[in-house]
Amino acid sequence: MRDFDPDEPLLDDWMPIGDEHWMRQALGLAQQAASEDEVPVGALVVHKGRVIASAYNQREQLADPTAHAEMIAITQAASHLNSWRLIDCELYVTLEPCPMCAGAILQARIPRVVYGAIDTKAGAVESLYRMLNDDRLNHRCEVVGGVLASTCGRVLTEFFERKRKLGKK
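Basis of the calculations
Residues numbered from 1 in each chain as written. Predicted model: local features only at pLDDT ≥ 70, side-chain atom pairs only at ≥ 80, totals over all residues. Heavy atoms only, no water. pLDDT = per-residue confidence, 0-100. Contact = heavy atoms within 4.5 Å. Axes fitted to C-alpha atoms, helices over the stretch in contact; angles between N-to-C directions. Helix = DSSP H or I, 4+ residues; strand = E, 2+ residues; numbered from the N terminus. Parallel < 35°, antiparallel > 145°, perpendicular 65-115°, else oblique. Buried < 20%, exposed > 50% of the residue type's maximum accessible area, 1.4 Å probe, protein only. Pairing = 2+ DSSP bridges. Right-handed = clockwise from strand over helix to strand, strands pointing away. Phe/Tyr/Trp six-rings, centres within 6.5 Å; stacked < 30°, edge-to-face > 60°.

A. Quick look at the confidence of the model for the chain. For the chain, the mean per-residue pLDDT works out to 92, and 90% of the residues sit at or above 70. In this model, residues 1–7 is a region of pLDDT below 50 whose contacts with residues beyond four sequence positions or in other chains number 10 contacts. Note that residues 9–15 has pLDDT below 50 and, in this model, 5 contacts with residues that lie over four places away or in other chains.

Here is the structure:
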C-alpha cells in the first residue's frame, strides 16, 4: 500500500472525490495484478475521503484461495483502524464481489460498496446472489454497481484472452 499524505487535499476543498476517481485507482491495482499473472482485480478502502488500504488478487503468489483483493484490503483497513468494524468506510473493487468477499464485507460492517464489472459466474452482490441487501442478515450495504464497468470488464477479458492464447487456464 502506498503512503498517503493526510494533509493532501481532496481534489479541492469543496468538491468530494467521486466514485470514478477511486475506481481508477482500483483499476491501477488490477493492472498490477495482471502484470504479476494474477487475475486482475483491484480493491481499495476509503475512510473519510482517504485511502487506508489497497490490494489486488494474490491467490497465485500466496497459494491462498482467500487472497482476493477485497479480503486483503479489508484486513489492511481493519489493521489500520485497529477495529474489525469498518463503519465509516467505502470499498471500491473492480469486479463484483464473490460470496466469500460479500460475507467479509458484511462481517466488517462496511456501509457502502462500489464495484465495476459484474461477475455472472460468482457475483454475490447482484448477479447470482444479493447478499449485501438480504433482509435476513443483520447488516446491509449501499451498493453502486457498474462504475467504469466496461473498462473493468475489458481488463479481465484481455487477461483471460492472453491466458487462453498461451494455453493456460
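B. Quick look at the packing of helix α1 (residues 19–35) against helix α5 (residues 149–165). Interaxial distance between α1 and α5 falls to 10 Å at its minimum, and their mutual angle equals 5°. Here α1 is positioned roughly parallel relative to α5, judged by the angle of their axes. For the pair α1 and α5, the contacting residues are Met-23, Leu-27, Ala-30, Gln-31 and Ala-34 in the first and Thr-151, Cys-152, Val-155, Phe-159 and Arg-162 in the second.

C. A look at the environment of Val-45. On the secondary structure map, Val-45 appears in strand β1 (residues 42–47). Using a relative accessible area of 0% as the deciding quantity, one classes Val-45 as buried. Every residue in contact with Val-45, bar those within four places of it in the chain, is listed here: Arg-50, Val-51, Ile-52, Ala-53, Ala-73, Ile-74, Ala-77, Cys-89, Glu-90 and Leu-91.

D. Local environment of the pairing of strand β3 (residues 89–95). For β3, the tally of buried residues reaches 6 of 7 residues, placing the bulk of the element in the interior. In the sheet, β1 pairs with β3 via 5 bridges, with the strands oriented antiparallel. What sits directly across from Val-46, in β3, is Glu-90. Pairing of β3 with strand β4 (residues 112–117) involves 5 bridges; the strand directions are parallel. By the bridge assignment, Leu-91 is partnered in β4 with Val-113. On the question of chirality, the crossover connecting β3 to the parallel β4 by way of helix α4 (residues 99–107) is right-handed.

E. View of the packing of aromatic side chains. Tallied over the entire structure, the rule returns 2 aromatic pairs. Centroid distance Trp-22 to Tyr-92: 6.4 Å. Interplanar angle 45°. Geometry classified as tilted. In this pair, Trp-22 is assigned in helix α1 and Tyr-92 in strand β3, connecting sequence segments 70 residues apart. This pair shows no difference in class: Trp-22 is buried, exactly as Tyr-92 is. For the ring pair Phe-159 and Phe-160, a centre distance of 5.1 Å and an interplane angle of 80° mean the geometry is edge-to-face. Here Phe-159 falls in the buried class, since its relative accessible area comes to 3%. Classification of Phe-160 as partly exposed rests on a relative accessible area of 30%.

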